[in-house]
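Now for the letters of each chain:
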Amino acid sequence: MIIGATVGPYQVLEKLGEGGMGEVYRARDTKLGREVALKVLPAALAGDPDRLARFRREAQVLAALNHPNIAQLYGFEDTGATHALVMELVEGATLADRIAQGPVPVDEALAIARQIAEALEAAHEHGIVHRDLKPANIKVREDGTVKVLDFGLARAVDPISTASGDAMNSPTLTAHATQLGMILGTAAYMAPEQAKGKPVDRRADIWAFGVVLFEMLTGQRAFKGEDVSDVLAAVLRQEIDWSALPAGTPPRIRRVLERCLERDPKRRLRDIGDVWIGLDAPADAPPAPAPALTAGRQPHGIARWLPWIAAVVIAAASVTWSIVRTPPPQPQLVTRSVSHLKDFSAFVNISRDGTKLVYTTASGGSSFLTLRMLDQFEGKPIPGTEGGLFPIFSPDGQWIAYSTASQPSKIRKIPLTGGTSIALCDGGVGNGATWGEDDTIVFSGGKGLMRVAASAGTPQPLTTVDAAKGEAAHIRPQFLPGGTRLLFTIMPIKSADGEQFAVLDLVKGGYRAVAKGGVNGQYTASGHLTYLRGSTLFAMPFDLGRLAVAGGEVPVIELVSTTGSTGTGDYSFSNAGLLAYVADESANRGTTLAWADRKGKTSILPGEAQKTWGTGRLSPNGRLVANRFSDDKGGADMWVLDVQRGIPTRLTFGGTHDFPVWTPDSRTVVFTGTQDGKQGLYSVPADASGKPALMLATESPAVPTSFTPDGKTLAYYQAGPDKRARILLARVGAIGQPVQPRPLHDASGAEYNAQISPDGRWVAFVSTESGTSEIYIQPFPGPGPKLRISTGGGNDPRWAQNGRELFYRTGVPAQTFMVVELLADSALPVGQPRELFQLTAGTTWDVTPDRDRFLVELTVGGRGSALALVTNWFEELRRRAPAKK
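No experiment lies behind these values; they were computed from the predicted model shown. (Residues numbered from 1 in each chain as written. Predicted model: local features only at pLDDT ≥ 70, side-chain atom pairs only at ≥ 80, totals over all residues. Heavy atoms only, no water.)

### Looking at the overall build of the protein chain
Point 1. Check the secondary structure of the protein chain and you find 13 helices and 59 strands.
Point 2. The proportion of buried residues among the 885 residues of the protein chain is 52%.
Point 3. Within the protein chain, contacts between residues at least 6 apart in sequence are counted, and of these 49% link residues at least 24 apart.
Point 4. By element, 52% of the accessible surface of the protein chain is carried by carbon and sulfur atoms, the whole surface being about 39800 Å². (Helix = DSSP H or I, 4+ residues; strand = E, 2+ residues; numbered from the N terminus. Buried < 20%, exposed > 50% of the residue type's maximum accessible area, 1.4 Å probe, protein only. Contact = heavy atoms within 4.5 Å. Areas by Shrake-Rupley, 256 points an atom, 1.4 Å probe, with all protein chains shown as cover.)

### Comments concerning helix 9 (residues 228-237)
Point 1. If you check which residues of helix 9 are buried, you get Val228, Val231, Leu232, Ala234 and Val235. All buried residues of helix 9 fall inside an arc of 155° around its axis, so they share one side. (Arc of directions from axis to C-beta.)

### Topic: the pairing of strand 21 (residues 449-453)
Point 1. Pairing of strand 20 (residues 440-444) with strand 21 involves 5 bridges; the strand directions are antiparallel. Following the sheet pairing, Thr440 is matched in strand 21 by Ala453.
Point 2. Between strand 21 and the antiparallel strand that follows it, strand 22 (residues 460-461), lie 6 residues; Ala456 among them carries a positive phi value of about 95°. (Pairing = 2+ DSSP bridges.)

### Some details on the sheet that holds strand 24 (residues 485-492)
Point 1. The strand order across the open sheet formed by 4 strands is 23-24-25-26, and the pairing between neighbours is antiparallel. The open sheet has two edge strands, strand 23 (471-479) and strand 26 (511-516), and neither has a second partner. When strand polarity is set aside, the average angle formed by the axes of neighbouring strands in this sheet is 30°.
Point 2. Relative to strand 26, strand 25 (residues 500-505) runs antiparallel, the two being bridged by 5 bridges. Within the sheet, the bridge partner assigned to Gln500 lies in strand 26 and is Lys516. (Axes fitted to C-alpha atoms, helices over the stretch in contact; angles between N-to-C directions.)

### Some words on the nonpolar core
Buried together is how nonpolar side chains tend to be arranged in soluble globular proteins.
Point 1. Grouped together as the largest cluster of nonpolar side chains are 57 residues, with contacts concentrated most on Leu95, Ile116, Phe151, Phe209 and Met216.
Point 2. With 11 residues, the single largest contributor to this core is helix 8 (residues 202-218).
Point 3. Counting 23 residues, the second-largest nonpolar core is a separate cluster that includes Leu532, Tyr581, Val870 and Leu877. (Core = buried A, V, L, I, M, F, W, Y, C linked by side-chain atoms within 4.5 Å.)

### Looking at the pattern of salt bridges
Point 1. Taken as a whole and assessed by the stated rule, the structure comprises 29 salt bridges.
Point 2. Glu23 serves as the salt-bridge partner of Lys15, at 3.4 Å between the closest nitrogen and oxygen.
Point 3. Judged by relative accessible area, Glu23 falls into the partly exposed class, the value being 26%.
Point 4. Between Arg268 and Glu193 there is a salt bridge; the shortest N-O distance is 2.9 Å. One end of the pair, Arg268, is in the loop between helix 10 (251-260) and helix 11 (272-279); the other, Glu193, is in helix 7 (residues 192-195), with 75 residues separating them in the sequence. The pair formed by Arg268 and Glu193 is uniform in burial state, with each residue classed as buried. (Salt bridge = Lys/Arg side-chain N within 4 Å of Asp/Glu carboxyl O.)

### Describing the environment of Gly92
Point 1. Mapping Gly92 onto the fold places it in the loop between strand 6 (82-88) and strand 7 (93-94).
Point 2. Under the relative-accessibility criterion, Gly92 is labelled partly exposed at 38%.
Point 3. In this structure the C-alpha to C-alpha distance between Gly92 and Lys139, which are 47 residues apart in sequence, comes to 6.3 Å.
Point 4. Contacts of Gly92, omitting those with residues within four sequence positions, involve Lys139 and Val140.

### Here we look at unusual backbone geometry
The general pattern is negative phi for most residues beyond glycine and trans for most peptide bonds.
Point 1. A cis amide bond, omega 5°, links Phe780 with the succeeding residue Pro781.
Point 2. Within the secondary structure, Pro781 sits in the loop between strand 51 (774-779) and strand 52 (787-788).
Point 3. At Asn872, a residue that is not glycine, the phi angle is positive and equals roughly 55°.
Point 4. Tracing the backbone through its elements, the reader meets Asn872 in the loop between strand 59 (866-871) and helix 13 (873-880).

### Here we look at the packing of helix 8 against helix 10
Point 1. Put simply, helix 8 and helix 10 touch, their axes get as near as 8 Å, and they point 140° apart. Judged by the angle between their axes, helix 8 and helix 10 are oblique. Taken as a pair, helix 8 and helix 10 cross one another with a handedness that is left-handed. In this structure, helix 8 uses Ile206, Trp207, Phe209, Gly210, Leu213, Phe214 and Leu217 to contact helix 10, whose residues at the interface are Ile253, Leu257 and Cys260.
Point 2. Tallied by class, residues from the contact of helix 8 with helix 10 come to 9 nonpolar, 1 polar and no charged. (Parallel < 35°, antiparallel > 145°, perpendicular 65-115°, else oblique. Left-handed = near helix turned anticlockwise from the far one by under 90°. Nonpolar A, V, L, I, M, F, W, Y, C, P; charged D, E, K, R; others polar.)

### What about the environment of Ile382?
Point 1. You can see Ile382 is positioned in the loop between strand 14 (380-381) and strand 15 (388-393).
Point 2. Spatially, the C-alpha atoms of Ile382 and Phe368 are 7.3 Å apart, while their sequence positions differ by 14 residues.
Point 3. The residues contacting Ile382, other than those within four sequence positions of it, are Val358, Leu369, Thr370, Leu371, Ile400, Ile414, Pro415, Leu416 and Gly418.

Dropping the structure here:
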């Protein structure tokens, strides 16, 4: 391959080496700006369509294998006749280079062996066997980190039949074996069954692990010969020279080596985890001294057995007494702790082993992911996760997947140590995601569930929403034990129908509802189904075998934070029952109004702006803010705030009022509310010169959103007979006179927040017809085509007064503020949405007449988010929510 040539987006920089697997080059990823290793496949493989197709399938499996001690396979590139693997570029010497310098000291060898074994364990758990483990395939970086290379590729390039009896089946054991220095090495690490051409399993890797460890300790190969046949003969028959082990090698290490190097695979260690049992055993104790004998002749007959019989009787009696006197096991103590985090934090997720937490932290106008080891007091930001939301751990706890707040939203993953994150696919995990043992991620793709390989790829649909059964969306998936079934929540079209929990069979296909109760259902190892209803966490016994409820529900945790999209409950638990959740302490906080410029820099409004604000709007002339203040008694009155002087004026007294909108002349505020027992839309003069007047009585709450430029038509939304929000338009006479509503148009999903442009030509609104909340526009008053604006979620559209820009925002807690331009001379009337800034903000927001500033609502006061931990939580669930007998 020519240096400087390109393979897809990868530019070749230099040749690194070659072997039976092909040629290896250093290359630069021109898209991500990182260096990678390109492994160009040999012509024999690339020229065989069947083997090439099989290799692609194997590569897809291997690419899903993520572990810090395994060099990752990023992808597969085809450029003309060139077929190349894109792999992580690992700098440093190989283990073969290190051994060439002499035997490796025991402590250093064990440190390297531990990392090799961890890599093997991760692969074996995914059903992947290396089959070509050797020092040349292992790199040791300068910091001591070990990376195993070509993991599983031996199997990928091996001939389809592995039981042909041909010893040349080794991937590097080619027809030119005598010409390649590495060939003897490959044969030297083959398990006997592999050398005979028999099918192999993970025990072949355990044999190779033993050979590598032996070679590290001795500085020489365990099996030698002048050619391939001699080496294979040694593998099959030669006695191992155990005397080559250095003096002082702990006996436990020799025992592990002997068990790894059993020629009969049935007698060999069956699992790499067994290696740790041996290597991590306590220091070897000296052998027990022989029993002392009385001087004189040796005892004989039954006399010589009396001491042993007595010992057995005493031991049996001791065991019996121990059983009698041992008290029954005591319930584990349930403990609780709360810590207040410095910055607003949400979306907590705990690793399965319960040793670490990850959550989203918002600070300085942006969000990032924070990792806290639970043996430490404070968390640390994960580099490279700016804008990260909704993090989840990989099963081994070494990686984190998350959504991005920037648009379009993507699902990304990053190792715990930080660095360059990897984009997996478009979409988000805001409606829930689960990372399975098969290294795939299942997430809610809007309406149905989707699955994507954790190595990146095109998401594949798993479920389709059945609207005929009243289903609106499938959210909050969770892999159940065994990995062949998924628990998820079915959101209904009609809220009165209630949410359901369902189980999807990933093998047979199809799903069925198994329970009702709330959202964000999760199955626990204690045998319970936990879920949220409001901000309360409930639990009920659940029989996983029958997929049926096995007892009544019990509230177990109150005031769980539910910041975020539908069903977002900030709780997570480990396999052993450590519960972590974010406690809702919103009562301890207030908010204040501020200006934000186009870069997100904020400045607090003057005067008495610090109150419990909500749902505020800026008057068209930019001088006043209409907003509601909540009181301690549950009421909410309408106020206006002079933005120059910071002085508020109260407009209503008593009742409940919310969601104000201004008339175009900035003189009147219209809002939804209940006054003197009457529910509907009200109007009130902005200068407090009159009392609120009922414009339109409604049977259910109606929310006003905008006026036409002439002030004669009001847009608002209200739930229809099907319980979904519908946009309505009402002609308005003199303010205070009755209005006559009509629908904007027919809609297949919920629609709300209609904003009519200042020139009256367009209406922007939010629709959920795609399964997520997205921004659309269409000509006003219509009819005309509907055009989707946002690509990764959107809400709260706002027009610039010149009608040439549309603003909206998306994401929580660090919202992303977006802008899109309307193009006058274009077949497509809108441009590409682009991000302005990210900011943690509340419900109040609007645009100033000059379009240079934005009204936002910031959180102030309080103690911040409270992270609560409950140890032995499963013990509490068993006690409080026992299964029926």
